[in-house]
Amino acid sequence: MKILHLNNTINIKKYLQNLGVDSGGLAILSAKAKLHFVAIKGLHVGGANILKQDALSIGADVAVPRGTVIATQKEVDVLLIGTTKHLKILAKKELGQPFGLKEVAHKLHKIVQLNIAQKREIMGVLNANDDSFFSGSRFTYTQAIQKIEKMIEEGASIIDIGGVSSRPNAPVVDVKEELSRVAPIIEAIGKTKLYEKVAFSIDSYEPLVIEKALSHGFSIVNDITGLEDDAVCSLCASYRAKAVIMHMQGRPQTMQNNPEYNDVLDDVYQFLEQRVEKAESFGIKDIILDVGIGFGKTVEDNINLIKNLEHFLTLNKPLLVGASRKSMIDKIFPSEVEQRLSGTLALHLEALKNGASILRVHDVYEHKQALEVMQSIERF
């Protein structure tokens, strides 16, 4: 006999199949293999006591503050700890309970339906301006087509092109100047039909620039304002383009001036949920969400968002993360922009593990290699 202590991130379904477990047992055991931590904030103390008793009765548990049993506070923050199976049971059990537990039940039902994305994509970055924070992403018109072809060869399935820097304290650029920077590249992509090889994204929130791109084969609008402008929504809908909705607190010129949140996970979630509703009201069908790493966030905010990306999967949209060479890496480990590839890969692989589908990157080849290795490990 041999006894082996296995890592809890193994491909459990594959392992059970190799054991010869039947299909019914496969579903049951898989639901027992994943542990969830669900934070519930501002729950009525009566609901907290009911939820804890119900959780204990099925083998799960709820962490509550001292004094909850005797109701020393009207509302409390709690942590539900349980497997997928436990959450499925509680999602049914709490539907008929008072004190806000019906709302908890609906959220638990959404959580147990989640699946971490299996398809992962790399979005390569190409900047047509001379003041982006990473010089390696800046290209003139004559260099751009060669760089695009290289990124395609290296494994990018999306190319994101922009003409204005959105780094902290970046200067405001006139829309005509922005258009003059990107128009030659956009026209070359249309002429060469490179959009037949990969998807092209326009990194802009200006309707004039966006329409130019969409009329030349671009199919994605990457809007750092999160579809703030109704005209952008209308363009996305009329061209049937995918929309990337990003969260940003403030504007690039002010966003890093002491950003504050009541709760960064909930605040960003509420913003994205509202903008999804807006997008869908305009008839936009394909939506990608971006929590906006580095856009009005502290280092702690950024890490919190990357670590808990799964929270945003209940919005039922693919998640994009772009932490490539950003200053948060420098704040963790002092380094120049050109020295931040290793930190970028660490952040991006964590993001993929936690639910991201698309990585926006400056270094396509290195990310493609890391992604292939990661997926090989996941299959084991």
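Here, every reference points to the structure presented above.
Computed from a predicted structure; not experimentally measured.

Each value, and the rule that gives it
- Residues numbered from 1 in each chain as written.
- Predicted model: local features only at pLDDT ≥ 70, side-chain atom pairs only at ≥ 80, totals over all residues.
- Heavy atoms only, no water.
- Salt bridge = Lys/Arg side-chain N within 4 Å of Asp/Glu carboxyl O.
- Helix = DSSP H or I, 4+ residues; strand = E, 2+ residues; numbered from the N terminus.
- Buried < 20%, exposed > 50% of the residue type's maximum accessible area, 1.4 Å probe, protein only.
- Axes fitted to C-alpha atoms, helices over the stretch in contact; angles between N-to-C directions.
- Left-handed = near helix turned anticlockwise from the far one by under 90°.
- Contact = heavy atoms within 4.5 Å.
- Pairing = 2+ DSSP bridges.
- Polar contact = N/O pair within 3.5 Å; in protein donor to acceptor, adjacent residues only side chain to side chain.
- Phe/Tyr/Trp six-rings, centres within 6.5 Å; stacked < 30°, edge-to-face > 60°.
- Parallel < 35°, antiparallel > 145°, perpendicular 65-115°, else oblique.

## Notes on the pattern of salt bridges
Step number 1: Overall, the coordinates contain 14 salt bridges when judged by the stated rule.
Step number 2: One salt bridge in this structure joins Arg 360 and Asp 203, with 3.2 Å as the shortest N-O distance. Placement of Arg 360 in strand E11 (residues 358-361) and of Asp 203 in strand E6 (residues 199-203) is noted, with a sequence separation of 157 residues between them. Comparing Arg 360 with Asp 203, the two get one shared label, buried.
Step number 3: Arg 325 is paired through a salt bridge with Asp 363; the nearest N and O atoms lie 3.0 Å apart. Of this pair, Arg 325 sits in the loop between strand E10 (319-321) and helix H12 (327-332) while Asp 363 sits in the loop between E11 and helix H14 (364-379); the two residues are 38 residues apart in sequence, bridging distant segments of the chain. Comparing Arg 325 with Asp 363 shows no difference in burial state: the two are buried.
Step number 4: Salt bridges sharing common partners tie together Asp 160, Asp 203 and Arg 360.

## A few points about the packing of helix H4 (residues 84-93) against helix H5 (residues 101-112)
Step number 1: The N-to-C vectors of H4 and H5 enclose an angle of 145 degrees; their axes lie 8 Å apart at closest approach. For the pair H4 and H5, the sense of crossing is left-handed. For the pair H4 and H5, contact is made by Thr 84, Leu 87, Lys 88, Leu 90 and Ala 91 and by Ala 105, Leu 108, His 109, Ile 111 and Val 112, respectively.

## So, the sheet that holds strand E3 (residues 75-83)
Strand pairs in the sheet, formed through backbone hydrogen bonds, run parallel or antiparallel to each other.
Step number 1: Read from one edge of the open sheet, three strands run E1-E3-E2, paired in antiparallel fashion. Bordering the open sheet on either side are strand E1 (35-44) and strand E2 (61-63), each of which pairs with just one other strand. Geometrically, the sheet is characterised by an average inter-axis angle of 25 degrees between neighbouring strands, direction not taken into account.
Step number 2: Pairing between E1 and E3: eight bridges, direction antiparallel. If you follow Phe 37 over to E3, its bridge partner there is Ile 81.
Step number 3: Sheet strands in contact with H5 are E1 and E3, and its direction is about 160 degrees off that of E1.

## Considerations on the environment of His 247
Step number 1: Tracing the chain through its elements places His 247 in the loop between strand E8 (242-246) and helix H10 (264-281).
Step number 2: Once the C-alpha coordinates of His 247 and Phe 295 are considered, the two residues, 48 residues apart in sequence, prove to be 7.4 Å apart.
Step number 3: Excluding residues within four positions of it along the chain, His 247 makes contact with Tyr 261, Val 268, Phe 271, Leu 272, Asp 290, Val 291, Gly 292, Phe 295 and Lys 297.
Step number 4: At 3.0 Å, the side chain of His 247 forms a polar contact with the side chain of Lys 297.

## Some points on the packing of aromatic side chains
Step number 1: As enumerated under the stated definition, the model contains two aromatic pairs in all.
Step number 2: Between Phe 200 and Phe 218, the aromatic rings sit 5.5 Å apart at their centres with planes inclined by 45 degrees, giving tilted as the arrangement. In this pair, Phe 200 sits in strand E6 while Phe 218 sits in the loop between helix H8 (207-214) and strand E7 (220-223), placing the two residues 18 residues apart along the sequence.
Step number 3: Residue Phe 200 is classed as buried on the basis of its relative accessible area, which comes to 0%.
Step number 4: The buried category is assigned to Phe 218, whose relative accessible area is 4%.

## Some details on unusual backbone geometry
Trans peptide bonds make up the majority, and among non-glycine residues the majority have a negative phi.
Step number 1: In this structure, Asn 316 is a non-glycine residue whose phi angle is positive, near 60 degrees.
Step number 2: Mapped onto the elements of the fold, Asn 316 is located in the loop between helix H11 (299-307) and E10.
Step number 3: Asn 316 gets classed as exposed once you look at its relative accessible area, which sits at 61%.
Step number 4: Unusually for a residue other than glycine, Arg 325 sits at a positive phi of about 60 degrees.
Step number 5: Owing to a relative accessible area of 5%, Arg 325 belongs among the buried residues under this scheme.

## Comments concerning the packing of helix H13 (residues 341-353) against H14
Step number 1: Close contact between H13 and H14 brings their axes to 11 Å; oriented N to C, the two are set at 40 degrees. Taken together, the axes of H13 and H14 are oblique relative to one another. By crossing handedness, the relation of H13 to H14 is classed as right-handed. Seen from H13, the contacting residues are Leu 341, Thr 344, Leu 345, His 348, Leu 349, Leu 352 and Lys 353; seen from H14, they are Glu 366, His 367, Ala 370, Leu 371 and Met 374.

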